[in-house]
Amino acid sequence: MLQLFNGISVSSILLLIALGLAITFGLMKVINMAHGELIMIGAYTAYVVQNLFAAYLPDAAFGWYFALAIPASFAVAFAFGLVLEMGLIRFLYGRPLDSLLATWGVGLVLQQIARSLFGAPNVGVTSPEWLNGGITAFGGAVFPYKRLFIIGLVLVCLFVMYLYIYRSHSGRRMRAVMQNREMAACLGISTRSVDAVTFAIGSGIAGIAGCALTLIGPIGPSIGTYYIVDAFMVVVLGGVGKLVGTVFGALGIGLSNTLFEYWTTASLGKVLVFLCIVAFLQWKPMGLVAMRSRSLDN
Amino acid sequence: MLAVQQLEAGYGESVILRQVTLQVRPGQVVCLLGRNGVGKTTLMKSIMGVLKAHKGTVSYKGTDLTKRAPGERAKKGIGYVPQGREIFPQLTVFENILLGLEASKEKKRAIPESAIAKFPVLPTMYGRRGGDLSGGQQQQLAFARALASEPDLLLLDEPCEGIQPSIVDDIRDVIRSIKADGKTSILLAEQSLEFVKSVGDYFYILEKGSIAWEGGLSDLNEEVIRHFLTV
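Residues numbered from 1 in each chain as written. Chains lettered and ligands numbered in written order. Predicted model: local features only at pLDDT ≥ 70, side-chain atom pairs only at ≥ 80, totals over all residues. Heavy atoms only, no water.

Peer 1: Hey, could you run me through the overall build of chain A in this one?
Peer 2: Helix and strand counts for chain A stand at twelve helices and two strands. The order of α-helices and β-strands along chain A, N terminus first, is α-α-α-α-α-β-β-α-α-α-α-α-α-α. A compact globule built from 298 residues would reach a C-alpha radius of gyration of about 19 Å, and chain A, at 19 Å, matches this within 12%. Along the first, second and third principal axes, the C-alpha atoms of chain A reach 55 × 45 × 35 Å. Counting every position in chain A, which comprises 298 residues, the buried fraction comes to 49%. Expressed as a percentage of contacts within chain A between residues at least 6 apart in sequence, the contacts between residues at least 24 apart total 74%. For chain A, the accessible area works out to roughly 13700 Å², and carbon and sulfur atoms hold 70% of it. In chain A, 17 side chains carry a positive charge and 10 a negative one; their mean positions are 10 Å apart. (Helix = DSSP H or I, 4+ residues; strand = E, 2+ residues; numbered from the N terminus. Rg over C-alpha atoms; globule rule 2.2 N^0.38 Å. Buried < 20%, exposed > 50% of the residue type's maximum accessible area, 1.4 Å probe, protein only. Contact = heavy atoms within 4.5 Å. Areas by Shrake-Rupley, 256 points an atom, 1.4 Å probe, with all protein chains shown as cover. Lys, Arg positive; Asp, Glu negative; His and termini not counted. Charge placed at Lys NZ, Arg CZ, Asp CG, Glu CD.)

Peer 1: I tried to follow the packing of aromatic side chains on my own but got confused; where do I start?
Peer 2: How two aromatic rings sit relative to each other is set out by the distance from centre to centre and by the angle between their planes. Residues and elements named next belong to chain A. Applying the stated criterion across every chain yields a total of 18 aromatic pairs over all chains. Taking 6.2 Å as the distance between ring centres and 85° as the angle between the ring planes, the aromatic pair formed by Tyr-44 and Tyr-47 counts as edge-to-face. Placement of both Tyr-44 and Tyr-47 in helix α2 (residues 35–56) is noted, with a separation of three residues, approximately one turn of the helix. The pair Tyr-44 / Tyr-47 is uniform in exposure class, with both members buried. For the ring pair Phe-66 and Phe-149, a centre distance of 5.8 Å and an interplane angle of 65° mean the geometry is edge-to-face. Taken as a pair, Phe-66 in helix α4 (residues 65–87) and Phe-149 in helix α6 (residues 145–167) lie far apart in primary sequence, 83 residues in all. (Phe/Tyr/Trp six-rings, centres within 6.5 Å; stacked < 30°, edge-to-face > 60°.)

Peer 1: Help me understand the packing of α2 of chain A against helix α5 (residues 96–118) of chain A in this model?
Peer 2: Helix-helix packing is characterised by the crossing angle of the two axes and by the distance between the axes. Residues and elements named next belong to chain A. At their nearest, the axes of α2 and α5 sit 10 Å apart, and the two run at 20° to each other. In terms of orientation, α2 and α5 fall into the roughly parallel class. Considering how the two elements wind past one another, α2 and α5 form a crossing that is left-handed. Across from Glu-37, Met-40, Ile-41, Tyr-44, Tyr-47 and Val-48 in α2, the residues of α5 making contact are Gly-107, Leu-110, Gln-111, Ala-114 and Phe-118. (Axes fitted to C-alpha atoms, helices over the stretch in contact; angles between N-to-C directions. Parallel < 35°, antiparallel > 145°, perpendicular 65-115°, else oblique. Left-handed = near helix turned anticlockwise from the far one by under 90°.)

Peer 1: Sorry, what's going on with the environment of Gly-220 of chain A here?
Peer 2: Residue and element names in this part refer to chain A. Topologically, Gly-220 is positioned in the loop between α9 (191–213) and α10 (223–238). In this structure Gly-220 comes out as buried when scored by relative accessible area, which is 4%. Sequence spacing of Gly-220 and Ala-43 is 177 residues, and the spatial spacing of their C-alpha atoms is 8.7 Å. Not counting residues up to four positions away in its chain, the partners in contact with Gly-220 are Met-40, Tyr-44 and Asn-122.

Peer 1: Would you mind showing me how to read the nonpolar core here?
Peer 2: Nonpolar side chains tend to gather and get buried jointly when the protein is soluble and globular. Residues Leu-2, Leu-22, Leu-43 and Leu-155 of chain B are the most contacted members of the largest nonpolar core, which totals 114 residues. Setting aside residues up to four positions removed in sequence, Leu-22 of chain B forms contacts with Leu-2, Ala-3, Val-4, Leu-32, Leu-43, Tyr-204 and Ile-211 of chain B. (Core = buried A, V, L, I, M, F, W, Y, C linked by side-chain atoms within 4.5 Å.)

Peer 1: How do you make sense of the pattern of salt bridges when you look at a structure like this?
Peer 2: Pairing between side chains becomes possible if they bear opposite charge and their charged atoms approach one another. Residues and elements named next belong to chain B. Here the structure, examined in full by the defined rule, presents 15 salt bridges over all chains. One salt bridge connects Lys-61 with Asp-152, and the closest N-O pair in it is separated by 2.4 Å. Note that Lys-61 is positioned in the loop between β4 (53–60) and β5 (63–64) and Asp-152 in the loop between α5 (135–147) and β7 (153–157), a separation of 91 residues in sequence. Among the residues examined, Lys-61 registers a relative accessible area of 46% and is labelled partly exposed. Overall, the relative accessible area of 15% leaves Asp-152 in the buried class. (Salt bridge = Lys/Arg side-chain N within 4 Å of Asp/Glu carboxyl O.)

Peer 1: Just checking my understanding: could you explain the side chain of Asn-96 of chain B for this structure?
Peer 2: Residues and elements named next belong to chain B. Relative to the assigned elements, Asn-96 resides in helix α3 (residues 93–100). Given a relative accessible area of 0%, Asn-96 falls into the buried group. Every residue in contact with Asn-96, bar those within four places of it in the chain, is listed here: Ile-87, Phe-88, Leu-91, Gly-130, Leu-141 and Arg-145.

Peer 1: I would appreciate a short explanation of the sheet that holds strand β10 (residues 210–216) of chain B in the present structure.
Peer 2: Hydrogen bonds between backbone groups are what pair the strands of a sheet, and the pairing can be parallel or antiparallel. All names here are of chain B. A sheet is described by the order of its strands in space; here six strands give the open sequence β6-β7-β8-β3-β9-β10, paired in mixed fashion. Two strands close off the open sheet at either side, each with one partner strand: β6 (78–81) and β10. Going across the sheet, the axis of each strand differs from the next one's by a mean of 15°, ignoring polarity. Here α5 sits on the sheet and contacts β6 and β7; the angle it forms with β6, its principal contact strand, is near 170°. (Pairing = 2+ DSSP bridges.)

Peer 1: I would appreciate a short explanation of the side chain of Thr-103 of chain A in the present structure.
Peer 2: Residue and element names in this part refer to chain A. Inspection of the secondary structure assignment puts Thr-103 in helix α5. Taking the relative accessible area as the measure of exposure, Thr-103 reaches 0% and is therefore buried. If we ignore the near neighbours within four places in the chain, the residues touching Thr-103 are Ile-31, Asn-32, Met-33, Ala-34 and Ile-89.

Peer 1: Help me understand a nonpolar patch on the surface in this model?
Peer 2: Residue and element names in this part refer to chain A. Taken together, the side chains of Leu-4, Ile-8, Val-244, Phe-248, Leu-251 and Leu-288 present a nonpolar region at the surface, about 480 Å² in accessible area. Of all elements in the fold, only α1 (2–27) and α11 (243–263) reach the threshold of two or more residues within the nonpolar patch. When residues in the nonpolar patch are grouped by element, the largest group, three residues, is from α11. You can see Leu-251 is positioned in helix α11. (Patch = residues over 30% accessible without salt bridge, like charges linked within 9 Å, V, L, I, M, F, W, Y side chains within 5 Å.)

Peer 1: Please explain the interface of chain A and chain B as it appears in this structure.
Peer 2: For interface size, the figure often reported is the accessible area lost on association. Across the boundary between the two partners, chain A contributes 23 residues, which contact 27 residues of chain B. Both sides of the chain A and chain B interface together cover about 2200 Å² of buried area, and 57% of this is carbon and sulfur. If you sort the residues of chain A by the area they bury against chain B, Arg-172, Cys-186 and Leu-187 of chain A come out on top, with a joint share of 28%. The shortest N-O distance in the salt bridge between Arg-175 of chain A and Glu-95 of chain B comes to 2.6 Å. Of all elements in the fold, only α7 (169–179) and α8 (181–186) of chain A reach the threshold of two or more residues within the side of chain A that touches chain B. Per-element accounting of the side of chain A that touches chain B gives the leading share, six residues, to α7 of chain A. (Buried area = accessible area lost by both parts, 1.4 Å probe.)

Peer 1: Even after reading the chapter, I still don't get the pairing of β10 of chain B, so can you show me in this structure?
Peer 2: A regular strand places its side chains on the two faces of the sheet in alternate fashion. Across six bridges, the pairing between strand β9 (residues 202–207) of chain B and β10 of chain B is antiparallel. Looking across to β10 of chain B, one finds that Tyr-204 of chain B is bridged to Glu-214 of chain B.

Peer 1: I'm lost on α1 of chain A in this one. Help?
Peer 2: At 3.6 residues per turn, the α-helix brings residues three or four places apart onto the same side. Residues and elements named next belong to chain A. In this model α1 runs 35 Å from its N-terminal to its C-terminal C-alpha over 26 residues, within 8% of the 38 Å that 1.5 Å per residue would give. The sharpest bend along α1 comes to roughly 40°, located at Leu-21. Counted residue by residue, α1 has 20 buried out of 26 residues, so it is predominantly covered. After α1 finishes, the residue Lys-29 shows a positive phi value of roughly 60°. (Expected span 1.5 Å × (residues − 1). Bend = angle between axes of the 7 residues up to and from the residue.)

Remember, this is a structural readout, not a statement about activity or role.
Printed below as a string of structure tokens:
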């Protein structure tokens, strides 16, 4: 029971960090190595919001800083993503190797900026009071509120993303551009602004993920590099281009990771998970949820 | 209405079209003929703006569009049914048609009746993905998508390519009814001589990227056909 909860908890964190990448990599096919740094930006935004609350507002209000930190992280990472797209990514569409190197460079620059601004050591973010503690279930297992909160946050993010991508007018434009850029342009859609906004949204969600990570542990300038591999793994395993696939990818990796770690040791568990992923992708190279269509057969 | 002047265009360095001049007048169905590889699709793409013109101009209703992006041309009232149909495969039929509204002049939210009335089969398939439709159904969908913005000029690039005869007849009827309404002019690139003769008002024949012949239906005689079109 507890293992299952832990697995779902790990999955929810994986999903949160991979959701943004599901958009920038999954939909836009941009290999954005700076995705981890966008997560870091979100985390440091939460840190700054916390410090501002501590400095300028009465103690009673401090507990609520986190409610503001989430939208703030989204907004800051969104703005960074927008600038990154308009200043760099725009010129690198269809050139995966170049964009890989360029965004990796951007990631290094952002890490160094963070180091200069906040210092190299990790900083801690004090979780708000109302997220401490947990529910004690039968059998004495404790479900911490923080973990439950992250699971809830992921569900909300997923739901909002689903509404935006599949139910809104801008989402429809976005999918049209990602599927057939030339034709979308011929119908009167401004592909430039759709690209910029889509990339920025993916970045913004990375920011939310960073904000959530502050609940789990201290944050540092290189926090993103811990998560970037996992994020790509989730998107590739799930099947590039499908939101549902990303969900299953995260669940698959999260649950198997927890179980393998429970049965063996932490590092051996990780190795086993990666072996499983490699084997699985040999068997189904398109990932868990592959797109199938008459017009994609060629 | 549409005036192409001395157009030169191509892919990158290679020049496909040279000195192409043609006109489409309001309410006319103008047909573009020619053997494979003479530049019919290239001309369509340059008129829509997908390919940039190297030289010459494309103007529409008196506005010079040569430097404008495809989206702006669409908003000026040019609808495009490309070769190969270019349906969005993962979007539903309904969403595909809704995207046609992006170019309409007023911000409309509903698909105009006139766009789908001619394709009664489409509303029965609204929930299916565009990519799952057959070629003929996709062609009808591409027509409905282009008509959704109620364009004044429709560019049709080989609409009958690879489509079963009964749907070719349907498409012929659609082109005729658009012509009968008189609100939309059509520029039609097509291989089938029999098809264009049944709908066209004026004809241009392309050869090696230039206009080799032009004239009305009565001028399109056996000799012209043998000289320019027989393989």
